[in-house]
Amino acid sequence: MNGRAPFLSIPPEIGTTVMRDYLLLYVNSTRYEIRGARAYQSLTDLLRYDLALTGTKVVCAEGDCGSCTVLIGRPENGAIRYQGIDGCIQYLRQLDGRHVVTVEGLKENGRLHPAQEAMVESFGSQCGYCTPGFVMALAAMLEEGTPLTRQGIKDGLTGNLCRCTGYEQIIDAALSLKGKSVTRSAERYHNPQMLAELEACAQDSVEIAYRESWGREFRNIRIGIPATVADAVAFKAKHEKTVVVSGGTDLSVQMNKGKVEPDTLLSLVHLRELEGVSENDDWLTIGAKATWTDVEHAGSESLLEFRKIIQVFASPQIKNAGTLAGNIGNGSPIADSMPFLYVMEAEVELTGPSGSRWVNLNRFYHGYKQLELRPDELITTLRFQLPETNETLKLYKVSKRKDLDISNFTAGIRMTLDGERITQPRLAYGGVGPVVLRLPKTERFLSGKLLTRETIQKAGKLARREITPISDVRASEDYRLQLAENILLKFYHEVRQEQGWPQPNTLSA
(Lines give C-alpha, C1' and ligand atoms only; values in the text may rest on other atoms or scores of the structure.)
Protein backbone atom coordinates (compact mmCIF):
# COMPACT_ATOMS: atom_id res chain seq x y z
CA MET A 1 0.00 0.00 0.00
CA ASN A 2 3.02 2.28 -0.45
CA GLY A 3 3.05 3.25 3.23
CA ARG A 4 -0.30 5.02 3.05
CA ALA A 5 -3.31 4.73 5.31
CA PRO A 6 -5.80 2.00 4.37
CA PHE A 7 -9.01 2.76 2.51
CA LEU A 8 -12.25 3.05 4.39
CA SER A 9 -15.15 1.07 2.97
CA ILE A 10 -18.42 1.96 4.64
CA PRO A 11 -21.85 0.54 3.79
CA PRO A 12 -23.62 3.24 1.76
CA GLU A 13 -26.62 5.16 2.97
CA ILE A 14 -27.93 6.16 -0.42
CA GLY A 15 -29.42 9.63 -0.73
CA THR A 16 -28.72 10.74 2.84
CA THR A 17 -25.50 12.68 2.27
CA VAL A 18 -25.74 16.39 1.51
CA MET A 19 -22.08 17.38 1.83
CA ARG A 20 -19.38 14.74 1.68
CA ASP A 21 -15.73 15.06 2.64
CA TYR A 22 -14.61 12.08 0.57
CA LEU A 23 -14.74 10.76 -2.99
CA LEU A 24 -16.66 7.62 -3.78
CA LEU A 25 -15.88 5.33 -6.69
CA TYR A 26 -15.98 1.68 -7.61
CA VAL A 27 -13.07 -0.22 -9.17
CA ASN A 28 -13.95 -3.56 -10.78
CA SER A 29 -17.18 -3.48 -8.70
CA THR A 30 -15.38 -2.93 -5.37
CA ARG A 31 -16.41 0.18 -3.47
CA TYR A 32 -13.86 2.73 -2.22
CA GLU A 33 -13.99 5.98 -0.31
CA ILE A 34 -11.06 8.32 -0.89
CA ARG A 35 -10.22 10.90 1.77
CA GLY A 36 -7.71 13.63 2.39
CA ALA A 37 -4.50 13.75 0.35
CA ARG A 38 -5.47 10.62 -1.53
CA ALA A 39 -8.09 12.64 -3.42
CA TYR A 40 -5.31 14.67 -5.06
CA GLN A 41 -3.74 11.71 -6.86
CA SER A 42 -4.17 10.39 -10.39
CA LEU A 43 -6.21 7.33 -11.22
CA THR A 44 -3.14 5.38 -12.29
CA ASP A 45 -1.43 6.07 -8.97
CA LEU A 46 -4.50 4.71 -7.18
CA LEU A 47 -4.63 1.62 -9.37
CA ARG A 48 -0.93 0.78 -9.43
CA TYR A 49 0.34 1.86 -6.00
CA ASP A 50 -2.70 1.49 -3.76
CA LEU A 51 -4.67 -1.35 -5.37
CA ALA A 52 -1.77 -3.25 -6.99
CA LEU A 53 -3.67 -3.36 -10.29
CA THR A 54 -0.48 -3.08 -12.30
CA GLY A 55 -1.97 -4.25 -15.59
CA THR A 56 -2.69 -0.58 -16.22
CA LYS A 57 0.64 0.79 -17.46
CA VAL A 58 2.04 4.32 -17.52
CA VAL A 59 4.54 5.39 -20.17
CA CYS A 60 4.07 8.95 -21.42
CA ALA A 61 1.86 10.31 -18.57
CA GLU A 62 0.41 12.65 -21.20
CA GLY A 63 -2.49 10.67 -22.66
CA ASP A 64 -0.63 10.01 -25.92
CA CYS A 65 0.34 6.34 -25.79
CA GLY A 66 -2.83 4.68 -24.45
CA SER A 67 -1.04 2.15 -22.24
CA CYS A 68 -3.12 3.42 -19.31
CA THR A 69 -6.51 2.97 -21.01
CA VAL A 70 -9.34 1.93 -18.70
CA LEU A 71 -13.12 1.91 -18.94
CA ILE A 72 -14.96 4.59 -17.00
CA GLY A 73 -18.62 3.94 -16.27
CA ARG A 74 -21.14 6.64 -15.40
CA PRO A 75 -24.88 6.38 -14.76
CA GLU A 76 -26.92 7.27 -17.82
CA ASN A 77 -30.61 6.57 -18.49
CA GLY A 78 -30.95 3.99 -15.74
CA ALA A 79 -27.81 2.05 -16.64
CA ILE A 80 -24.05 2.56 -16.64
CA ARG A 81 -22.36 3.66 -19.86
CA TYR A 82 -18.68 2.76 -20.27
CA GLN A 83 -16.12 4.63 -22.36
CA GLY A 84 -12.37 4.30 -22.83
CA ILE A 85 -10.32 6.95 -20.99
CA ASP A 86 -6.61 7.56 -20.43
CA GLY A 87 -6.15 6.85 -16.72
CA CYS A 88 -2.85 8.73 -16.40
CA ILE A 89 -4.55 12.11 -16.94
CA GLN A 90 -7.70 11.38 -14.99
CA TYR A 91 -7.37 12.52 -11.40
CA LEU A 92 -9.66 11.12 -8.72
CA ARG A 93 -11.50 14.41 -8.27
CA GLN A 94 -12.89 13.84 -11.78
CA LEU A 95 -14.18 10.36 -10.95
CA ASP A 96 -16.51 10.80 -7.99
CA GLY A 97 -19.54 8.61 -8.66
CA ARG A 98 -17.85 6.52 -11.36
CA HIS A 99 -17.10 2.83 -11.90
CA VAL A 100 -13.61 2.05 -13.18
CA VAL A 101 -12.97 -1.22 -15.03
CA THR A 102 -9.31 -2.17 -15.53
CA VAL A 103 -7.78 -4.90 -17.67
CA GLU A 104 -7.89 -7.19 -14.61
CA GLY A 105 -11.63 -6.60 -14.44
CA LEU A 106 -12.33 -7.88 -17.96
CA LYS A 107 -11.90 -11.55 -17.13
CA GLU A 108 -15.17 -13.27 -16.23
CA ASN A 109 -15.46 -16.54 -14.35
CA GLY A 110 -11.80 -17.25 -15.03
CA ARG A 111 -12.14 -16.78 -18.78
CA LEU A 112 -10.43 -14.11 -20.80
CA HIS A 113 -12.43 -11.33 -22.41
CA PRO A 114 -12.89 -11.80 -26.19
CA ALA A 115 -10.53 -8.87 -26.81
CA GLN A 116 -7.85 -10.61 -24.74
CA GLU A 117 -8.41 -13.93 -26.51
CA ALA A 118 -8.20 -12.24 -29.90
CA MET A 119 -4.86 -10.62 -29.06
CA VAL A 120 -3.46 -14.02 -28.01
CA GLU A 121 -4.75 -15.87 -31.05
CA SER A 122 -3.60 -13.20 -33.51
CA PHE A 123 -0.15 -12.82 -31.90
CA GLY A 124 -0.94 -9.19 -31.17
CA SER A 125 1.54 -8.93 -28.30
CA GLN A 126 5.32 -9.02 -28.29
CA CYS A 127 7.01 -7.20 -25.40
CA GLY A 128 3.53 -6.91 -23.89
CA TYR A 129 3.88 -3.51 -22.26
CA CYS A 130 1.34 -1.79 -24.49
CA THR A 131 -0.95 -4.82 -24.71
CA PRO A 132 -3.28 -4.03 -21.77
CA GLY A 133 -3.96 -0.60 -23.25
CA PHE A 134 -4.77 -2.07 -26.65
CA VAL A 135 -7.03 -4.66 -25.04
CA MET A 136 -8.90 -1.94 -23.16
CA ALA A 137 -9.20 0.18 -26.31
CA LEU A 138 -10.68 -2.83 -28.15
CA ALA A 139 -13.01 -3.47 -25.22
CA ALA A 140 -14.13 0.17 -25.37
CA MET A 141 -14.89 -0.22 -29.08
CA LEU A 142 -17.02 -3.26 -28.31
CA GLU A 143 -18.78 -1.39 -25.49
CA GLU A 144 -19.75 1.46 -27.80
CA GLY A 145 -20.56 -0.61 -30.87
CA THR A 146 -17.80 0.85 -33.02
CA PRO A 147 -17.93 -0.62 -36.56
CA LEU A 148 -15.14 -3.20 -36.79
CA THR A 149 -14.05 -2.22 -40.27
CA ARG A 150 -10.37 -1.73 -40.98
CA GLN A 151 -10.77 2.06 -40.96
CA GLY A 152 -13.03 1.99 -37.90
CA ILE A 153 -10.42 -0.04 -36.03
CA LYS A 154 -7.62 2.32 -37.03
CA ASP A 155 -9.69 5.27 -35.83
CA GLY A 156 -10.49 3.49 -32.57
CA LEU A 157 -6.82 2.71 -31.91
CA THR A 158 -5.34 6.12 -32.79
CA GLY A 159 -4.67 6.72 -29.09
CA ASN A 160 -2.57 3.56 -28.62
CA LEU A 161 1.09 3.15 -29.54
CA CYS A 162 3.05 -0.08 -30.09
CA ARG A 163 6.75 -0.30 -30.99
CA CYS A 164 6.87 -4.06 -31.64
CA THR A 165 4.10 -5.56 -33.75
CA GLY A 166 3.75 -3.09 -36.60
CA TYR A 167 0.04 -3.03 -35.71
CA GLU A 168 -1.08 -5.59 -38.33
CA GLN A 169 -1.56 -8.38 -35.80
CA ILE A 170 -3.49 -6.01 -33.54
CA ILE A 171 -5.75 -4.98 -36.40
CA ASP A 172 -6.22 -8.67 -37.24
CA ALA A 173 -7.21 -9.29 -33.62
CA ALA A 174 -9.82 -6.54 -33.82
CA LEU A 175 -11.16 -7.78 -37.16
CA SER A 176 -11.58 -11.28 -35.68
CA LEU A 177 -14.00 -9.84 -33.09
CA LYS A 178 -16.52 -8.84 -35.73
CA GLY A 179 -19.79 -10.70 -35.14
CA LYS A 180 -18.66 -12.26 -31.86
CA SER A 181 -21.01 -12.24 -28.89
CA VAL A 182 -19.62 -10.04 -26.12
CA THR A 183 -21.10 -9.43 -22.69
CA ARG A 184 -20.84 -5.69 -22.15
CA SER A 185 -19.74 -4.24 -18.83
CA ALA A 186 -23.19 -2.77 -18.18
CA GLU A 187 -24.59 -6.31 -18.15
CA ARG A 188 -21.68 -8.04 -16.50
CA TYR A 189 -21.39 -5.54 -13.68
CA HIS A 190 -25.13 -5.05 -13.31
CA ASN A 191 -25.61 -4.15 -9.66
CA PRO A 192 -28.71 -2.14 -8.66
CA GLN A 193 -27.11 -0.98 -5.41
CA MET A 194 -23.96 0.27 -7.15
CA LEU A 195 -26.04 2.02 -9.83
CA ALA A 196 -28.28 3.68 -7.25
CA GLU A 197 -25.32 4.90 -5.24
CA LEU A 198 -23.48 6.25 -8.25
CA GLU A 199 -26.64 8.07 -9.35
CA ALA A 200 -27.03 9.52 -5.86
CA CYS A 201 -23.44 10.80 -5.89
CA ALA A 202 -24.38 13.43 -8.45
CA GLN A 203 -26.78 14.98 -5.93
CA ASP A 204 -24.04 15.55 -3.37
CA SER A 205 -21.60 18.40 -3.10
CA VAL A 206 -18.13 17.33 -2.01
CA GLU A 207 -15.46 19.40 -0.33
CA ILE A 208 -12.13 17.98 0.75
CA ALA A 209 -9.59 20.09 2.61
CA TYR A 210 -6.26 19.10 4.12
CA ARG A 211 -2.81 20.53 4.85
CA GLU A 212 0.43 19.36 3.34
CA SER A 213 3.55 20.10 5.36
CA TRP A 214 7.30 19.65 4.90
CA GLY A 215 9.09 20.67 8.09
CA ARG A 216 8.16 24.33 8.57
CA GLU A 217 6.68 24.64 5.09
CA PHE A 218 3.04 23.89 4.40
CA ARG A 219 0.19 24.56 2.02
CA ASN A 220 -3.55 24.20 2.33
CA ILE A 221 -5.27 22.08 -0.33
CA ARG A 222 -8.96 22.28 -1.14
CA ILE A 223 -11.01 20.31 -3.67
CA GLY A 224 -14.60 21.30 -4.41
CA ILE A 225 -17.06 19.16 -6.34
CA PRO A 226 -20.38 21.06 -6.46
CA ALA A 227 -23.76 19.55 -7.26
CA THR A 228 -25.13 22.69 -8.96
CA VAL A 229 -23.81 25.57 -11.04
CA ALA A 230 -24.82 27.94 -8.24
CA ASP A 231 -22.66 25.96 -5.79
CA ALA A 232 -19.78 26.00 -8.29
CA VAL A 233 -19.97 29.77 -8.70
CA ALA A 234 -20.15 30.25 -4.93
CA PHE A 235 -17.06 28.05 -4.42
CA LYS A 236 -15.09 29.93 -7.09
CA ALA A 237 -16.13 33.30 -5.67
CA LYS A 238 -15.11 32.25 -2.16
CA HIS A 239 -11.67 30.82 -3.01
CA GLU A 240 -9.10 32.89 -4.88
CA LYS A 241 -7.08 31.36 -7.71
CA THR A 242 -9.44 28.43 -8.09
CA VAL A 243 -8.47 26.16 -10.99
CA VAL A 244 -11.50 24.70 -12.76
CA VAL A 245 -11.24 21.19 -14.21
CA SER A 246 -13.62 19.10 -16.26
CA GLY A 247 -11.81 16.80 -18.70
CA GLY A 248 -8.40 17.83 -17.41
CA THR A 249 -6.64 16.74 -20.61
CA ASP A 250 -4.28 19.73 -20.43
CA LEU A 251 -4.10 20.51 -16.72
CA SER A 252 -3.42 16.90 -15.77
CA VAL A 253 -0.49 16.70 -18.19
CA GLN A 254 1.00 19.83 -16.64
CA MET A 255 0.54 18.35 -13.18
CA ASN A 256 2.12 15.05 -14.21
CA LYS A 257 5.13 16.94 -15.52
CA GLY A 258 5.45 19.00 -12.34
CA LYS A 259 4.71 22.33 -14.06
CA VAL A 260 1.69 23.24 -11.91
CA GLU A 261 0.30 22.09 -8.58
CA PRO A 262 -2.91 24.01 -7.81
CA ASP A 263 -3.91 24.57 -4.19
CA THR A 264 -7.62 24.97 -4.94
CA LEU A 265 -9.42 22.84 -7.51
CA LEU A 266 -13.02 22.92 -8.65
CA SER A 267 -14.23 19.77 -10.41
CA LEU A 268 -17.35 19.96 -12.59
CA VAL A 269 -17.93 16.20 -12.64
CA HIS A 270 -21.48 16.41 -11.18
CA LEU A 271 -22.81 19.36 -13.21
CA ARG A 272 -25.10 17.54 -15.61
CA GLU A 273 -26.90 20.78 -16.38
CA LEU A 274 -23.78 21.76 -18.34
CA GLU A 275 -23.79 18.63 -20.49
CA GLY A 276 -25.26 17.98 -23.87
CA VAL A 277 -25.42 19.46 -27.35
CA SER A 278 -28.70 20.74 -28.79
CA GLU A 279 -29.81 22.26 -32.08
CA ASN A 280 -32.74 24.67 -32.22
CA ASP A 281 -33.76 27.27 -34.83
CA ASP A 282 -30.42 26.92 -36.66
CA TRP A 283 -28.46 27.52 -33.45
CA LEU A 284 -26.18 24.94 -31.90
CA THR A 285 -25.82 25.11 -28.11
CA ILE A 286 -23.02 23.23 -26.39
CA GLY A 287 -22.77 22.80 -22.62
CA ALA A 288 -19.45 23.50 -20.95
CA LYS A 289 -19.19 19.83 -19.92
CA ALA A 290 -20.02 18.44 -23.36
CA THR A 291 -17.06 16.37 -24.51
CA TRP A 292 -15.43 16.39 -27.91
CA THR A 293 -17.10 13.02 -28.50
CA ASP A 294 -20.49 14.59 -27.76
CA VAL A 295 -19.81 17.41 -30.21
CA GLU A 296 -18.51 15.03 -32.87
CA HIS A 297 -21.60 12.82 -32.69
CA ALA A 298 -24.07 15.68 -32.51
CA GLY A 299 -24.22 18.66 -34.83
CA SER A 300 -25.89 18.88 -38.20
CA GLU A 301 -24.60 18.03 -41.67
CA SER A 302 -23.54 21.66 -42.00
CA LEU A 303 -20.71 20.94 -39.53
CA LEU A 304 -18.98 18.24 -41.55
CA GLU A 305 -15.95 20.52 -41.90
CA PHE A 306 -15.62 20.85 -38.12
CA ARG A 307 -15.94 17.09 -37.74
CA LYS A 308 -12.87 16.66 -39.94
CA ILE A 309 -10.89 18.72 -37.44
CA ILE A 310 -12.32 16.77 -34.49
CA GLN A 311 -11.40 13.45 -36.12
CA VAL A 312 -7.70 14.29 -36.15
CA PHE A 313 -7.74 16.44 -33.02
CA ALA A 314 -7.33 13.63 -30.49
CA SER A 315 -7.77 9.95 -29.72
CA PRO A 316 -11.11 8.50 -28.58
CA GLN A 317 -9.73 8.35 -25.03
CA ILE A 318 -9.00 12.08 -25.06
CA LYS A 319 -12.22 13.05 -26.83
CA ASN A 320 -14.24 11.07 -24.26
CA ALA A 321 -12.82 13.32 -21.52
CA GLY A 322 -11.82 16.69 -23.00
CA THR A 323 -14.35 19.47 -23.58
CA LEU A 324 -14.78 22.21 -26.14
CA ALA A 325 -15.23 24.69 -23.29
CA GLY A 326 -11.86 23.59 -21.92
CA ASN A 327 -10.30 24.41 -25.29
CA ILE A 328 -11.77 27.91 -24.94
CA GLY A 329 -10.79 28.39 -21.30
CA ASN A 330 -7.24 27.23 -21.90
CA GLY A 331 -6.70 30.29 -24.09
CA SER A 332 -4.11 28.77 -26.41
CA PRO A 333 -3.45 30.59 -29.72
CA ILE A 334 -3.15 27.20 -31.43
CA ALA A 335 -6.33 25.66 -29.98
CA ASP A 336 -7.84 23.62 -32.80
CA SER A 337 -11.42 24.80 -32.31
CA MET A 338 -10.71 28.52 -32.22
CA PRO A 339 -10.58 29.50 -35.93
CA PHE A 340 -13.90 27.70 -36.45
CA LEU A 341 -15.54 29.38 -33.47
CA TYR A 342 -14.14 32.77 -34.48
CA VAL A 343 -15.56 32.70 -38.00
CA MET A 344 -18.85 31.34 -36.67
CA GLU A 345 -19.08 34.39 -34.37
CA ALA A 346 -19.61 31.99 -31.46
CA GLU A 347 -20.78 33.34 -28.12
CA VAL A 348 -19.72 32.08 -24.73
CA GLU A 349 -21.89 32.30 -21.61
CA LEU A 350 -20.11 33.42 -18.45
CA THR A 351 -21.95 32.79 -15.18
CA GLY A 352 -21.11 34.49 -11.90
CA PRO A 353 -22.79 35.45 -8.61
CA SER A 354 -24.71 38.28 -10.29
CA GLY A 355 -26.00 36.15 -13.16
CA SER A 356 -24.95 35.28 -16.70
CA ARG A 357 -23.67 37.28 -19.63
CA TRP A 358 -22.83 36.39 -23.23
CA VAL A 359 -19.57 37.45 -24.86
CA ASN A 360 -18.64 37.07 -28.53
CA LEU A 361 -15.56 34.86 -28.70
CA ASN A 362 -13.85 37.41 -30.94
CA ARG A 363 -13.78 39.71 -27.91
CA PHE A 364 -13.04 37.05 -25.30
CA TYR A 365 -9.24 37.17 -25.44
CA HIS A 366 -7.35 40.34 -24.50
CA GLY A 367 -3.85 38.87 -24.83
CA TYR A 368 -1.96 35.64 -24.30
CA LYS A 369 -3.95 33.65 -21.68
CA GLN A 370 -5.83 36.86 -20.76
CA LEU A 371 -9.54 36.14 -20.83
CA GLU A 372 -12.75 38.12 -20.50
CA LEU A 373 -13.53 35.97 -17.50
CA ARG A 374 -13.83 37.37 -13.99
CA PRO A 375 -12.34 35.43 -11.07
CA ASP A 376 -15.82 34.53 -9.82
CA GLU A 377 -17.22 33.42 -13.20
CA LEU A 378 -17.48 30.08 -14.96
CA ILE A 379 -17.82 29.24 -18.64
CA THR A 380 -21.20 27.52 -18.75
CA THR A 381 -22.41 27.41 -22.37
CA LEU A 382 -21.29 28.01 -25.94
CA ARG A 383 -23.57 28.79 -28.87
CA PHE A 384 -23.37 29.76 -32.52
CA GLN A 385 -25.64 29.98 -35.53
CA LEU A 386 -25.19 27.18 -38.04
CA PRO A 387 -23.92 28.15 -41.49
CA GLU A 388 -26.40 28.75 -44.30
CA THR A 389 -26.58 26.33 -47.21
CA ASN A 390 -25.11 28.94 -49.57
CA GLU A 391 -22.10 29.55 -47.33
CA THR A 392 -18.66 28.05 -47.82
CA LEU A 393 -16.72 27.00 -44.74
CA LYS A 394 -13.22 25.55 -44.76
CA LEU A 395 -11.01 24.67 -41.79
CA TYR A 396 -7.30 23.90 -41.91
CA LYS A 397 -4.78 22.46 -39.50
CA VAL A 398 -1.07 22.25 -40.30
CA SER A 399 0.99 19.99 -38.03
CA LYS A 400 3.97 17.66 -38.26
CA ARG A 401 1.74 14.59 -38.29
CA LYS A 402 -1.90 14.15 -39.24
CA ASP A 403 -3.40 12.75 -36.03
CA LEU A 404 -2.99 13.73 -32.39
CA ASP A 405 -0.52 16.53 -32.91
CA ILE A 406 -0.21 20.11 -31.74
CA SER A 407 -0.89 22.60 -34.51
CA ASN A 408 1.76 24.73 -36.15
CA PHE A 409 -0.88 26.82 -37.87
CA THR A 410 -4.67 26.79 -38.08
CA ALA A 411 -7.18 28.66 -40.20
CA GLY A 412 -10.91 29.13 -40.61
CA ILE A 413 -12.34 30.66 -43.81
CA ARG A 414 -16.05 31.34 -44.19
CA MET A 415 -17.82 33.29 -46.91
CA THR A 416 -20.97 33.45 -49.01
CA LEU A 417 -20.60 33.10 -52.76
CA ASP A 418 -23.05 34.73 -55.15
CA GLY A 419 -21.81 33.03 -58.27
CA GLU A 420 -18.11 33.84 -58.02
CA ARG A 421 -18.65 37.04 -56.04
CA ILE A 422 -17.58 37.01 -52.39
CA THR A 423 -19.81 38.42 -49.66
CA GLN A 424 -19.49 38.31 -45.87
CA PRO A 425 -15.93 36.91 -45.79
CA ARG A 426 -14.61 35.86 -42.38
CA LEU A 427 -11.01 34.75 -41.83
CA ALA A 428 -9.32 33.61 -38.62
CA TYR A 429 -5.75 32.33 -38.23
CA GLY A 430 -4.23 30.51 -35.27
CA GLY A 431 -0.58 30.10 -34.33
CA VAL A 432 0.29 33.51 -35.77
CA GLY A 433 0.11 35.70 -32.67
CA PRO A 434 -0.53 35.70 -28.92
CA VAL A 435 -4.20 34.95 -29.64
CA VAL A 436 -6.16 33.62 -32.59
CA LEU A 437 -6.53 36.52 -35.01
CA ARG A 438 -9.37 37.70 -37.21
CA LEU A 439 -8.13 39.44 -40.37
CA PRO A 440 -10.41 42.49 -40.80
CA LYS A 441 -8.34 44.21 -43.49
CA THR A 442 -8.21 41.08 -45.61
CA GLU A 443 -11.92 40.54 -45.07
CA ARG A 444 -12.73 44.06 -46.24
CA PHE A 445 -10.54 43.60 -49.30
CA LEU A 446 -12.27 40.33 -50.27
CA SER A 447 -15.82 41.63 -49.78
CA GLY A 448 -17.50 42.16 -53.14
CA LYS A 449 -14.57 40.78 -55.15
CA LEU A 450 -14.68 37.86 -57.57
CA LEU A 451 -13.07 34.65 -56.34
CA THR A 452 -10.16 34.71 -58.76
CA ARG A 453 -6.55 33.68 -58.36
CA GLU A 454 -5.46 37.32 -58.61
CA THR A 455 -7.87 38.32 -55.83
CA ILE A 456 -6.68 35.52 -53.58
CA GLN A 457 -3.02 36.28 -54.18
CA LYS A 458 -3.55 39.92 -53.21
CA ALA A 459 -5.52 38.81 -50.16
CA GLY A 460 -2.63 36.57 -49.15
CA LYS A 461 -0.23 39.51 -49.22
CA LEU A 462 -2.61 41.45 -46.97
CA ALA A 463 -2.99 38.50 -44.61
CA ARG A 464 0.79 38.35 -44.13
CA ARG A 465 0.75 41.95 -42.88
CA GLU A 466 -2.07 41.31 -40.39
CA ILE A 467 -0.38 38.57 -38.41
CA THR A 468 2.54 38.56 -35.96
CA PRO A 469 3.98 35.03 -35.89
CA ILE A 470 7.07 33.99 -33.99
CA SER A 471 9.63 31.26 -34.51
CA ASP A 472 9.42 28.39 -32.02
CA VAL A 473 10.10 24.66 -31.83
CA ARG A 474 7.16 23.88 -34.11
CA ALA A 475 7.63 26.33 -36.98
CA SER A 476 9.53 29.44 -38.03
CA GLU A 477 8.13 32.91 -38.49
CA ASP A 478 8.80 32.78 -42.24
CA TYR A 479 7.04 29.42 -42.56
CA ARG A 480 3.91 30.73 -40.85
CA LEU A 481 3.94 33.91 -42.94
CA GLN A 482 4.08 31.80 -46.09
CA LEU A 483 1.22 29.63 -44.80
CA ALA A 484 -0.90 32.77 -44.43
CA GLU A 485 -0.74 33.10 -48.21
CA ASN A 486 -0.72 29.44 -49.19
CA ILE A 487 -3.79 28.51 -47.17
CA LEU A 488 -5.85 31.03 -49.13
CA LEU A 489 -4.62 29.52 -52.40
CA LYS A 490 -5.55 26.06 -51.11
CA PHE A 491 -9.02 27.37 -50.25
CA TYR A 492 -9.33 28.92 -53.72
CA HIS A 493 -8.48 25.69 -55.57
CA GLU A 494 -10.68 23.52 -53.33
CA VAL A 495 -13.71 25.76 -53.78
CA ARG A 496 -13.29 25.97 -57.57
CA GLN A 497 -13.06 22.20 -57.75
CA GLU A 498 -16.11 21.67 -55.54
CA GLN A 499 -18.14 24.22 -57.51
CA GLY A 500 -17.18 22.59 -60.79
CA TRP A 501 -15.60 25.79 -62.11
CA PRO A 502 -12.80 25.42 -64.67
CA GLN A 503 -9.37 25.48 -63.09
CA PRO A 504 -7.13 28.30 -64.31
CA ASN A 505 -3.90 27.55 -66.11
CA THR A 506 -1.50 27.88 -63.21
CA LEU A 507 1.50 28.10 -65.53
CA SER A 508 0.24 31.26 -67.20
CA ALA A 509 -1.58 32.75 -64.18
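Before any of the text, the structure's been laid out above.
Residues numbered from 1 in each chain as written. Predicted model: local features only at pLDDT ≥ 70, side-chain atom pairs only at ≥ 80, totals over all residues. Heavy atoms only, no water.

Draft legend 1. Spatial organisation of the nonpolar core. With 80 residues, the main nonpolar core has Leu341, Phe384 and Tyr429 as its most contacted residues. Top contributing element to this core by residue count: helix α17 (residues 477–499), with eight residues. Setting aside residues no more than four positions away along its own chain, Tyr429 makes contact with Phe409, Thr410, Ala411, Val436, Leu437, Leu439, Ala463, Ile467, Ala484, Ile487 and Leu488. With 36 residues, the next largest nonpolar core counts Tyr26, Phe134, Ala137 and Tyr189 among its residues. (Core = buried A, V, L, I, M, F, W, Y, C linked by side-chain atoms within 4.5 Å. Buried < 20%, exposed > 50% of the residue type's maximum accessible area, 1.4 Å probe, protein only. Helix = DSSP H or I, 4+ residues; strand = E, 2+ residues; numbered from the N terminus. Contact = heavy atoms within 4.5 Å.)

Draft legend 2. Up close: helix α16 (residues 453–466). Across its 14 residues, α16 extends 20 Å between first and last C-alpha, which sits within 8% of the 20 Å expected from 1.5 Å per residue. Among the residues of α16, those classed as buried are Arg453, Thr455, Ile456, Ala459, Gly460, Ala463 and Glu466. The buried side chains of α16 occupy one side of the element, clustering within an arc of 145° when seen end-on. Structural note: α16 exposes Glu454 and Arg465 on the side pointing more than 90 degrees away from its buried face. (Expected span 1.5 Å × (residues − 1). Arc of directions from axis to C-beta.)

Draft legend 3. Representation of the pattern of salt bridges. Counted according to the given criterion, the structure contains 37 salt bridges. Measuring nitrogen to oxygen at the nearest pair gives 2.7 Å for the salt bridge that ties Arg222 to Glu207. Of this pair, Arg222 sits in strand β8 (residues 217–225) while Glu207 sits in strand β7 (residues 205–214), and the two are 15 residues apart along the sequence. Glu207 sits in the partly exposed class, given a relative accessible area of 25%. Glu498 serves as the salt-bridge partner of Lys394, at 2.3 Å between the closest nitrogen and oxygen. Here Glu498 lies in helix α17 and Lys394 lies in strand β18 (residues 391–398), a separation of 104 residues in the sequence. On the basis of relative accessible area, Glu498 is assigned to the exposed category, the value being 54%. Through salt bridges with shared partners, one network takes in Glu345, Glu391, Arg414, Arg426, Arg438 and Glu443. (Salt bridge = Lys/Arg side-chain N within 4 Å of Asp/Glu carboxyl O.)

Draft legend 4. View of the packing of helix α2 (residues 114–121) against helix α3 (residues 131–144). Contact geometry of α2 with α3 gives a least axis separation of 9 Å together with a crossing angle of 130°. The pairing of α2 with α3 is recorded here as oblique in orientation. Our pair here, α2 against α3, has a crossing hand that is right-handed. Across the interface between the two elements, Ala115, Gln116 and Met119 from α2 touch Thr131, Phe134, Val135, Leu138 and Ala139 from α3. Of the residues in the contact of α2 with α3, the class split is six nonpolar, two polar and no charged. (Axes fitted to C-alpha atoms, helices over the stretch in contact; angles between N-to-C directions. Parallel < 35°, antiparallel > 145°, perpendicular 65-115°, else oblique. Left-handed = near helix turned anticlockwise from the far one by under 90°. Nonpolar A, V, L, I, M, F, W, Y, C, P; charged D, E, K, R; others polar.)

Draft legend 5. Highlighting the layout of surface pockets. As a volume, the second largest pocket reaches approximately 930 Å³. Lining of the second largest pocket is provided by 38 residues; of these, Asp155, Glu296, Gln311, Val312 and Lys319 occupy positions nearest its centre. Elements with a minimum of two residues in the lining of the second largest pocket: α3, α4 (150–156), α10 (292–297), α11 (304–313), α12 (316–319), β18 and α17. Here the lining of the second largest pocket takes six residues from α11, the largest share from any one element. Of the residues that constitute the lining of the second largest pocket, the class distribution is twelve nonpolar, 13 polar and 13 charged. (1 Å grid on protein atoms, 1.4 Å probe; cavity = no way out; pocket = protein on both sides within 12 Å on 5 of 7 lines; lining within 4 Å. Points joined across faces, edges and corners; volume = space filled by probe spheres on them.)

Draft legend 6. Expanded view of the packing of aromatic side chains. Applying the stated criterion to the full structure yields seven aromatic pairs. Relative to Phe340, the ring of Phe306 has its centre 4.1 Å away and its plane inclined at 10°; by these criteria the two rings are stacked. In this pair, Phe306 is assigned in helix α11 and Phe340 in helix α14 (residues 338–343), connecting sequence segments 34 residues apart. Each member of the pair, Phe306 as well as Phe340, is classed as buried. Arranged with centres 5.2 Å apart and planes meeting at 65°, the rings of Phe409 and Tyr429 form a pair that is edge-to-face. Taken as a pair, Phe409 in strand β19 (residues 409–418) and Tyr429 in strand β20 (residues 421–430) lie far apart in primary sequence, 20 residues in all. When its relative accessible area of 0% is taken as the criterion, Phe409 is described as buried. Using a relative accessible area of 0% as the deciding quantity, one classes Tyr429 as buried. What links up through ring pairs into an aromatic cluster is the set Trp292, Phe306, Phe313, Phe340 and Phe384. (Phe/Tyr/Trp six-rings, centres within 6.5 Å; stacked < 30°, edge-to-face > 60°.)

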